[in-house]
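Take a look at the letters that make up each chain.
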Amino acid sequence: MSFTNIISAVGNTSSVYPLILRDCGVEIPSKVYLTYQENKDDKNVAFLATRERIIDEYLTSAVWLGGIPLVEWAINKFMIKKKGFNPDVNLKLFKESDCQGIDYNVKYFKERLEKGNLSEKLSKEISTAIEDLKKVKNNKAVYEKLLSVKFAAATAIPIALMGFVIPKMVFGLTAKTKAAQKAKKEKQKAVELQNKPQSNIPFKALNKDVFSSMSLTNSSKIAFCGNLSSSVANFTTYQKMAAIDGGYALGRVATSRKKNEAVDIGFKMLGMMFLNYVAPKYIEKVLDFCANKSLNLDVNLDPLMLADKEFLGQIADKSLKLPKTNDGKELLKFIDENPDSLFTKYAAKFEKVKMIYENPKLKKNGIRDPRAYVDIKELANFKKSIEDFASKASSSGATFKAVQKFAKKAKVVKSLNILTNVGLSSFLLAYCLPKVQYVFREWYTGSKLEPGIVD
């Protein structure tokens, strides 16, 4: 994978890649280190807190990153497909509009088939897609129920594991270690008292000390509590991750061992949600706006497009094909009539539309998937971003060299903005948030130590 591809992937604030980079590459190592530093005044608490952080963070990340795809794959294979449905049919198509919907798409793509200008493979694919739409329409209630189960399970199972099961396991391990440490100390104390000269210690006092020190206190059992359920049909993986993190935060607060720990975790989770899902989008907007204004650039497009010589060449010779208006019918008509255009290519690349290709590797000779819903507003905004860039790039000079120079400068600035966004949000999440949390903890609890571990 090229550097441009990497920058493109981590620069998409609506994808999982920036979350993975921040979580596994920066946040976890930083949290482990800061946890030890914050609790180092008490070596025993520092050991337990650091061990909790390592086990908790890595197990949680494994569930967080792999839970949704695994659960969805299992339900698609063993429930939805087994019932004869195709899970690619989007529920939003039940709402008919003037350019898409189940009935609209069935009729529209039937006409495409009747024209006979599709290859045998694509004709077969479209025929299958039409049958998929018909079956869903005729069994709407059953299909909706299956998708509801799928989306609920894809969030509820990871939430249960991350919010309840994992913390219980971690807390149980800490409680067991503390009990063993206490028993060891009590045993050592008893041995020391027995080895002391009898004349120096009254028998009654010795007897009392020995037997009281040998007694162990059993910790009370903490029961699972809380019942979380969610219905997030048609959410993207990124949106499901946000929903999971919300449920995960509630679960962690509910399973806290003490009130002080619940407040401490709640404060951290609110900050984490904001810095993971809200702040990066605003940071991106501010950085791009400042670059556009101060440097007279247009950095709203992805670095992949800014590095595409064919795209820049079409801007220079004014041969770039775009839909004439932002009307839904016009946008979809353009895609259907120009499946190999750069606009369609990048609209598919950035998931504005979903295409079925005769050759998936080459991304050539494609047709729009009738089962997929198209967000017309997003597609129109994407078209406008291309138009704005083309207009500004052309004003820098009519030659390909001038357009390429403008795009190269925009690409460098856009890449720096992406790296700055990832670096800044990672720094806020991995360093600033824990530091603020520790200040809040000391103010609220009166101690720097982990409130769930310290006695």
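None of the values given here were measured: they were computed from a predicted structure. (Residues numbered from 1 in each chain as written. Predicted model: local features only at pLDDT ≥ 70, side-chain atom pairs only at ≥ 80, totals over all residues. Heavy atoms only, no water.)

**Comments concerning the nonpolar core**
What tends to happen in soluble globular proteins is that the nonpolar side chains get buried as a cluster.
Then, number 1: Ile-80, Ile-126, Tyr-143 and Ile-367 are the most contacted members of the largest nonpolar core, which has 43 residues in total.
Then, number 2: Counting residues per element, the ones that place at least two in this core are helix 3 (43–80), helix 4 (102–115), helix 5 (120–138), helix 6 (140–195), helix 8 (237–254), helix 9 (259–277), helix 10 (279–295) and helix 16 (400–445).
Then, number 3: Sorting elements by how many residues they give to this core places helix 6 first, with 10 residues.
Then, number 4: Core analysis: the next-biggest nonpolar cluster, separate from the first, contains 38 residues, Cys-99, Leu-306, Leu-320 and Leu-331 among them. (Core = buried A, V, L, I, M, F, W, Y, C linked by side-chain atoms within 4.5 Å. Buried < 20%, exposed > 50% of the residue type's maximum accessible area, 1.4 Å probe, protein only. Helix = DSSP H or I, 4+ residues; strand = E, 2+ residues; numbered from the N terminus.)

**Considering the packing of aromatic side chains**
Then, number 1: Enumeration according to the criterion identifies 16 aromatic pairs in this entry.
Then, number 2: Ring centres of Tyr-346 and Phe-350 lie 5.9 Å apart, and the angle between their planes is 15°; on these two criteria the pair is classed as stacked.
Then, number 3: Take Tyr-346: its relative accessible area is 6%, and that puts it in the buried class.
Then, number 4: When the ring of Phe-440 is compared with that of Trp-443, the centres are 5.9 Å apart and the planes differ by 45°; the resulting orientation is tilted. Placement of both Phe-440 and Trp-443 in helix 16 is noted, with a separation of 3 residues, approximately one turn of the helix.
Then, number 5: Each residue in the set Phe-311, Phe-334, Phe-343, Tyr-346, Phe-350, Phe-382, Phe-389 and Phe-406 is aromatic and connected to the rest through ring pairs, giving one cluster.
Then, number 6: Cation over ring: Arg-257 sits above Phe-171, and NZ or CZ is 3.8 Å from the ring centre.
Then, number 7: The residue whose ring lies beneath Lys-285 is Tyr-282, and the NZ or CZ to ring-centre distance is 5.7 Å. (Phe/Tyr/Trp six-rings, centres within 6.5 Å; stacked < 30°, edge-to-face > 60°. Lys NZ or Arg CZ within 6 Å of the ring centre and 35° of its normal.)

**Here we look at the environment of Thr-35**
Then, number 1: Examined against the element boundaries, Thr-35 turns out to sit in helix 2 (residues 17–39).
Then, number 2: For Thr-35, a relative accessible area of 1% puts it in the buried group.
Then, number 3: Each C-alpha atom, one on Thr-35 and one on Ala-46, is 7.5 Å from the other, the two residues being 11 residues apart in sequence.
Then, number 4: Once residues lying within four places of it in the same chain are set aside, the contact partners of Thr-35 are Ala-49, Thr-50, Arg-53, Tyr-438 and Glu-450.
Then, number 5: Within polar-contact distance, the side chain of Thr-35 engages the side chain of Arg-53 at 2.9 Å. (Contact = heavy atoms within 4.5 Å. Polar contact = N/O pair within 3.5 Å; in protein donor to acceptor, adjacent residues only side chain to side chain.)

**Thoughts on a nonpolar patch on the surface**
Then, number 1: Side chains of Leu-59, Ile-157, Leu-161, Val-165 and Met-169 sit close together on the surface and give an oily, nonpolar patch of about 390 Å² of accessible area.
Then, number 2: Among the elements that line the nonpolar patch, the one with the most residues is helix 6, at 4 residues.
Then, number 3: Structurally, the position occupied by Met-169 is in helix 6. (Patch = residues over 30% accessible without salt bridge, like charges linked within 9 Å, V, L, I, M, F, W, Y side chains within 5 Å. Areas by Shrake-Rupley, 256 points an atom, 1.4 Å probe, with all protein chains shown as cover. Salt bridge = Lys/Arg side-chain N within 4 Å of Asp/Glu carboxyl O.)

**As for the environment of Val-170**
Then, number 1: With respect to the helices and strands, the residue Val-170 is situated in helix 6.
Then, number 2: Residues Val-170 and Arg-53, spaced 117 residues apart in sequence, show a C-alpha to C-alpha distance of 8.9 Å.
Then, number 3: Look past the residues within four positions of Val-170 in its chain and what remains in contact with it is Glu-52, Ile-55 and Asp-56.

**Let's talk about the pairing of strand 2 (residues 364–368)**
Then, number 1: Summarising the sheet, strand 1 (residues 355–359) and strand 2 pair through 4 bridges and their orientation is antiparallel. Across the sheet, the residue bridging to Asn-359 is Lys-364, located in strand 2.
Then, number 2: Where strand 1 folds back onto strand 2 in an antiparallel hairpin, the turn is made up of 4 residues, including Lys-363, whose phi is positive at roughly 55°. (Pairing = 2+ DSSP bridges.)

**Some details on the pattern of salt bridges**
Side-chain pairs of opposite charge can arise where the charged atoms are in close proximity.
Then, number 1: If you walk through the whole model with that rule in mind, you get 19 salt bridges.
Then, number 2: Its salt-bridge partner being Asp-388, residue Lys-384 comes within 2.9 Å of it at the nearest N-O pair. Taken together, the residues span about one helical turn, with Lys-384 and Asp-388 both in helix 15 (residues 376–395) at a distance of 4 residues.
Then, number 3: In this structure Lys-384 comes out as partly exposed when scored by relative accessible area, which is 43%.
Then, number 4: The shortest N-O distance in the salt bridge between Arg-441 and Glu-450 comes to 3.3 Å.
Then, number 5: Arg-441 gets classed as buried once you look at its relative accessible area, which sits at 1%.

**Some words on helix 10**
Spacing of three or four residues puts side chains on the same side of an α-helix, whose turn is 3.6 residues.
Then, number 1: For helix 10, built from 17 residues, the straight-helix expectation of 24 Å at 1.5 Å per residue is met to within 8% by its first-to-last C-alpha distance of 24 Å.
Then, number 2: For helix 10, the complete set of buried residues consists of Ala-279, Pro-280, Ile-283, Asp-288, Ala-291 and Asn-292.
Then, number 3: Directly beyond the C-terminal end of helix 10, a positive phi value near 55° is found at Asn-296. (Expected span 1.5 Å × (residues − 1).)

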